[in-house]
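Per-entry structural report
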Amino acid sequence: MTGTVSKSDGRRASLSVVLDDGTIECQVCGHGCRLREGKRGLCGVRVRRGDRLESLVYGRIIAEHIDPIEKKPLFHVLPGSLSYSIATYGCNFRCLHCQNASISQVSRDMDVESSGILRKPEDIVRLALDNTCRSVSYTYVEPTIFYEFAYDCCVAAVDRGLKNVFVSNGYMTETIAKELAPVLTAINIDLKAFTDDFYRKVCGARLQPVLDNIVRFRELGVWVEVTTLIIPGLNDSTGELTQIASFLAGIDPSIPWHVTGYYPTYKMSGTTAPPPTSEKSLRMARQIGLDRGLHHVYAGNRPGSGGEDTSCPHCGAILISRQGFRVSSSRLKNGKCPDCARDIAGIWS
Ligand code: SF4
């Protein structure tokens, strides 16, 4: 390896290093794309120009919505609050069942450099405040691929008292995780399965970097929740779900685990696709998590199926009741159970 590491200049340049063979390696995510002049990385939104890599989507917002934070899903971060949620084009995964493929799956010749609405970080913060949001969410696609803009927004948001949350596949490099952590309140990481085979075949990625980042963000003091979309026949065996639950419980049993229901979509649709996840399967996954010692396991995407409420892990009292993404009541008092005074893990104020 030769040359110096090129760090973000706060706007366009990406973390990268020049290699002996003249390529430039992107060091933003676990793919480590090695690029020659004019070529884009796997995410489709990062290009080599001269001796550096540039983000093609800095400030180019393709989706922005005011969402309940429960929609991320984050159930232990300011419950019932609104989060200003943004995305650009692009993603570093190729999930066959992507629910946002129209904005995430970018061909390498697509004109993304003039896409969307051009916003500055201070615009995002102002819009969040004007709409009574308490946080900014970087979501819908993998936010690591628009890291330079997300980071600048995070800094601006912290300055104005807002929290920042990532909804992520957890594939960023250690360097990025460490730089981001001081301005990030919470992250929901998709743990899509517990086999490298699934990650390679279904997502075009690998498992280990995701596991590493779940551990890493906890160590860095960022609040972590984890989501697993249960896909019949692909990741729903008792053995695999037990492995996931045991892995999380081994880090910290207070990590909330969201098991959510899949619907056929994008390339995982048609007659050969797995059927939608049954309620029985979600209940089973939730029970496995509880049996392995996790304190908070939520069954999502199926309102009314139960399993969306937050209970005290000590006395069992229901503390926060939810209907889908709506908090219908909360008895939490200063982050404690009002019945037994047990501290409930989370970011409550
Ligand atoms: S961020 Fe994009 S260019 Fe960089 S390593 Fe990941 S996929 Fe490749």
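Definitions and cut-offs
Residues numbered from 1 in each chain as written. Predicted model: local features only at pLDDT ≥ 70, side-chain atom pairs only at ≥ 80, totals over all residues. Heavy atoms only, no water. Helix = DSSP H or I, 4+ residues; strand = E, 2+ residues; numbered from the N terminus. Rg over C-alpha atoms; globule rule 2.2 N^0.38 Å. Buried < 20%, exposed > 50% of the residue type's maximum accessible area, 1.4 Å probe, protein only. Areas by Shrake-Rupley, 256 points an atom, 1.4 Å probe, with all protein chains shown as cover. Lys, Arg positive; Asp, Glu negative; His and termini not counted. Charge placed at Lys NZ, Arg CZ, Asp CG, Glu CD. Phe/Tyr/Trp six-rings, centres within 6.5 Å; stacked < 30°, edge-to-face > 60°. Lys NZ or Arg CZ within 6 Å of the ring centre and 35° of its normal. Near = heavy atom within 4 Å. Nonpolar A, V, L, I, M, F, W, Y, C, P; charged D, E, K, R; others polar. Pairing = 2+ DSSP bridges. Axes fitted to C-alpha atoms, helices over the stretch in contact; angles between N-to-C directions. Parallel < 35°, antiparallel > 145°, perpendicular 65-115°, else oblique. Left-handed = near helix turned anticlockwise from the far one by under 90°. Contact = heavy atoms within 4.5 Å. Domains from an automatic or database assignment. Buried area = accessible area lost by both parts, 1.4 Å probe. Salt bridge = Lys/Arg side-chain N within 4 Å of Asp/Glu carboxyl O.

This part takes up the overall build of the protein. A count of helical and extended segments in the protein gives eight helices and 18 strands. Relative to its length of 349 residues, the protein is compact, with a C-alpha radius of gyration of 20 Å against a globular reference of 20 Å. The principal-axis extent of the C-alpha atoms belonging to the protein is close to 60 × 50 × 35 Å. Burial analysis of the protein (349 residues in total) assigns 56% to the buried set. If you sum the accessible surface of the protein, you get close to 14,200 Å²; carbon and sulfur atoms cover 49% of it. Here the protein holds 41 positive side-chain charges and 37 negative ones, and the gap between their average locations is 2 Å.

Scanning the entire structure with this criterion turns up eight aromatic pairs. Arranged with centres 5.1 Å apart and planes meeting at 80°, the rings of Y58 and F149 form a pair that is edge-to-face. Note that Y58 is positioned in the loop between β5 (52–55) and β6 (60–61) and F149 in helix α3 (residues 147–159), a separation of 91 residues in sequence. The structure contains a cluster of three or more aromatic residues connected by ring pairs, namely F93, Y171, F198 and Y199. Positioned above the aromatic ring of F75 is the side chain of R322, whose terminal nitrogen or guanidinium carbon lies 4.0 Å from the ring centre.

What follows is about the site of the ligand. Near the ligand, the surroundings consist of C26, V28, C29, H31, G32, C33, G41, L42, C43, R46 and N92. Among the residues forming the shell around the ligand, the class breakdown is six nonpolar, four polar and one charged.

What follows deals with the pairing of strand β10 (residues 135–138). Side-chain positions along a regular strand alternate between the two faces of the sheet. Across the two faces of β10 the burial is the same, with S135 and S137 and V136 and Y138 all buried. As defined by bridge partners, strand β8 (residues 82–87) adjoins β10 across four bridges and the pair is classed as parallel. Among the inter-strand pairings, Y84 is bridged to a residue of β10, identified as V136. Bridging between β10 and strand β11 (residues 163–168) involves four bridges; their strand directions are parallel. Its bridge partner lying in β11, V136 is registered against N164.

Taken N-terminus to C-terminus, the directions of helix α6 (residues 208–219) and helix α7 (residues 238–251) make an angle of 25°; their axes are 11 Å apart at the nearest point. One finds that α6 runs roughly parallel with respect to α7. Crossing geometry of α6 relative to α7 is assigned as right-handed. In contact with L211, I214, V215 and R218 of α6, α7 contributes F247, L248 and I251. Within the contact of α6 with α7, the residues separate by chemical class into six nonpolar, no polar and one charged.

The next thing to look at is the domain arrangement of the protein. Taken domain by domain, the protein consists of domain 1 (16–55), domain 2 (60–307) and domain 3 (309–343). For domain 2 versus domain 3, the distance between C-alpha centres works out to 23 Å. Each side of the interface is counted separately: domain 2 has 12 residues, and domain 3 has 10 residues. Summed over both partners, the interface of domain 2 with domain 3 comes to about 940 Å²; 65% of that surface belongs to carbon and sulfur atoms.

Right, let's talk about the pattern of salt bridges for a bit. This model, assessed by the stated rule, comprises 19 salt bridges. For the salt bridge of R46 with E148, the shortest nitrogen-to-oxygen distance reads 2.6 Å. Linking R46 in strand β4 (residues 46–49) with E148 in helix α3, this pair joins segments that are 102 residues apart in sequence. Residue classification places R46 among the buried positions, given a relative accessible area of 3%. Beyond isolated ion pairs, a larger network of salt bridges with shared partners links R49, R52, E54 and E113.

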